[in-house]
Amino acid sequence: GERQSLSAFLAERGRAKLAGLQARCALPDLPAEIAPIRSPIDGAVIGESHHLTAEGAAALVEAARRHVPAAEAMPARARAAALRRAAALMEERRGPLMALLALEGGKTVEDGLAEIREAVDFCRFYADEAERLFADPARLPGPTGEENRLRYRSRGVALAISPWNFPLAIFVGQVAAALAAGNVVIAKPAEQTPLIAALAVDLLKEAGFPADSLFLAPGDGATGAALVAHPATALVAFTGSTETAFAINRALAARNAPIAPLIAETGGINALIVDATALPEQVADDVVTSAFRSAGQRCSALRLLFVQEDVADRMLAMVAGAAAELLIGDPRDLASDVGPVIDAEQKAMLERHVAKMRATQRVRFEGRLPDGLPQAGHWVAPTIVELDRAASLEREVFGPVLHVVRWKAGELDKVCAAVEATGYGLTLGVHSRIDETIRFVTERLTVGNIYVNRNMIGAVVGSQPFGGSALSGTGPKAGGPNYLARFAREQVVSTNTAAAGGNASLIAMDSR
Ligand code: UN1
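Values in this document were obtained by computation on a predicted structure and should not be read as measured data.

Engineer: Looking at this model, I keep getting lost on the environment of L140. Mind explaining?
Structural biologist: Along the chain, L140 turns up in strand 4 (residues 138-140). Residue L140 is classed as partly exposed on the basis of its relative accessible area, which comes to 34%. Sequence separation of L140 and S494 is 354 residues, and the distance between their C-alpha atoms is 9.5 Å. If near-sequence neighbours (up to four positions away) are discounted, L140 is found in contact with N148 and L150.

Here it is in structure tokens:
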């Protein structure tokens, strides 16, 4: 009787407003193709996206570049104020945001709330950072009679390409950073989740960003490729697959255009190393959270669990027991722990992977899908596979499948070598009560985010700047102190203050 449903709560409030949603570029007359957007919960059409064609995308960059001077003329403090208003608006409009996160993104109530929290945090953090970095040009040391100032200018047209797994938080995080640095922003949401992106764009404009400083560019891979290829695209911030990051990198390198930086946050084969001193209850809880929450659809999620042989059977029994408690269901139902995966393609990929594992490895646990789930929804049960060796997992598998490998006491170095051999470097967990083990692992591995005796997901903006290296991307880390500067162009002005009437304060005019 305690089960409450978000869909019931939103029935009269959210649904009416959400009916017939559209994601389209605000510029009229750009060529686009209409694609229906379907809910991963039941396949129902919830809106439509006007996917820009390659020609439409090129025309958009052409149009956007004309607004660069106006965007840069908005003072840094005004940009920060607009971001803070956007944060407040997002908190106020939690209802429709939650509804869309569930309907379009398949997010549970818990995940939806965390995602709104993260989007809000990004806006406030980059607002503070914009004031710290951009509002007053920093005075650099130098000899008497000379003044040196470092200022951050707009790069011009910044392109943000975001993923479906954080359709609000990562979309808003990239866009907020690009706007904070005074760019004209073209924001290309994932083709599965453009509706929540459209809502976020409206909200940022309501918060004070001029219509001509932010353009939504709904579309598919061809749209993204055309936006990247345009010579006026001056920076690309991308979160998504490693494969797509490679393609973007190659496309940027092939342009006959000024060199544009790429900020990429991609995949991982993230490991958790558990030794015999770890606390079993905590391991079970953290493993289940890291591997199966959000249906494993986080780039930070745990994929490869290394458990010391002496405790492996006991630990795995506890992990399976905790995993069996997860309720898979409609994400709008407060009782659901895990919702659907995003689309039929992902579900088919996961099913193929589990079938392959069943043939060659040992499937140790398979969760149960409760009766009555909508047939057309993309449900995948949490699964645990024991591997003969780490290398049997050949690629990142994006979903609720956990792979386990046993290791022998004294072979920690081999475990670390296996982690390095994945080629990725995103997140890593270590559960141990031996300081030396934690130190060894931390020193040995190149991953971007290390979690000690806790779960491995849900990096907090400002406290846990997030991002990896190697196949996992190239920084700076989102939500960290070095992120915003990358969205800007540095300019140094050196003035002989003894000459021309000693006018030391020319650039103070730009200080705002
Ligand atoms: C992603 O899944 O694409 O720490 C990256 C976390 C999130 C991961 C975001 N910040 O779980």
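Engineer: Just checking my understanding: could you explain the site of the ligand for this structure?
Structural biologist: Taken together, 13 residues are adjacent to the ligand, and R298, C299, S300, G458 and A459 come closest. One of the backbone N or O atoms of G458 is found 2.8 Å from an oxygen atom in the ligand. Between the ligand and the protein, one listed contact pairs an oxygen atom with a backbone N or O atom of A459 at 2.8 Å. Here the ligand loses 97% of its free accessible area of 320 Å² to cover by the protein chains. Among the detected pockets, the ligand sits in the largest cavity. Residues of the shell around the ligand, tallied by class, amount to 6 nonpolar, 4 polar and 3 charged.

Engineer: How should the UniProt feature "active site" (unreviewed entry) in the chain be read in this particular structure?
Structural biologist: The residues that UniProt annotates with the feature "active site" (unreviewed entry) are E265 and C299. In summary, the annotated positions, though distributed over 35 residues, converge in three dimensions, the widest C-alpha pair being only 8.7 Å. As for the annotated residues, the ones lining the largest cavity are E265 and C299. Locating E265 in the fold gives a position in strand 10 (residues 262-265). Given the relative accessible area of 12%, E265 is considered buried. Not counting chain neighbours up to four residues away, the residues in contact with E265 comprise F238, T239, G240, C299, L426, F466, G467 and S472. Note on placement: C299 falls in the loop between helix 12 (280-292) and strand 12 (302-308). With relative accessibility at 11%, the residue C299 sits in the buried group. Apart from the residues within four sequence positions on either side, C299 is in contact with N165, E265, T266, G268, N270, E396, F398, L426 and F466.

Engineer: What exactly am I supposed to notice about the layout of surface pockets here?
Structural biologist: If a probe the size of a water molecule is rolled over the atoms, the empty space left behind becomes visible. Its boundaries defined by the atoms lining it, the largest pocket holds a volume of some 1400 Å³. If you trace the largest pocket, you find 49 residues lining it, with W164, Q192, S241, T244 and Q346 closest to the centre. Sorting the residues of the lining of the largest pocket by element identifies strand 2 (32-38), helix 10 (221-229), strand 9 (233-239), helix 11 (242-254) and helix 14 (344-360) as the ones contributing at least two each. Here the lining of the largest pocket takes 7 residues from helix 11, the largest share from any one element. Each residue belonging to the lining of the largest pocket can be placed in one class, and the counts come to 21 nonpolar, 17 polar and 11 charged. Approximately 380 Å³ is the volume attributed to the second largest pocket. Secondary-structure elements contributing two or more residues to the lining of the second largest pocket are strand 12, strand 15 (401-407) and helix 15 (412-421). If one sorts the elements of the lining of the second largest pocket by residue count, helix 15 sits on top with 4 residues. A class-by-class count of the residues in the lining of the second largest pocket yields 13 nonpolar, 1 polar and 9 charged.

Criteria and thresholds
Residues numbered from 1 in each chain as written. Predicted model: local features only at pLDDT ≥ 70, side-chain atom pairs only at ≥ 80, totals over all residues. Heavy atoms only, no water. Helix = DSSP H or I, 4+ residues; strand = E, 2+ residues; numbered from the N terminus. Buried < 20%, exposed > 50% of the residue type's maximum accessible area, 1.4 Å probe, protein only. Contact = heavy atoms within 4.5 Å. Near = heavy atom within 4 Å. Polar contact = N/O pair within 3.5 Å; in protein donor to acceptor, adjacent residues only side chain to side chain. Areas by Shrake-Rupley, 256 points an atom, 1.4 Å probe, with all protein chains shown as cover. 1 Å grid on protein atoms, 1.4 Å probe; cavity = no way out; pocket = protein on both sides within 12 Å on 5 of 7 lines; lining within 4 Å. Sits in = over half its atoms within 2 Å of the grid points. Nonpolar A, V, L, I, M, F, W, Y, C, P; charged D, E, K, R; others polar. UniProt positions renumbered as here; feature names shortened; annotations may be inferred. Points joined across faces, edges and corners; volume = space filled by probe spheres on them.

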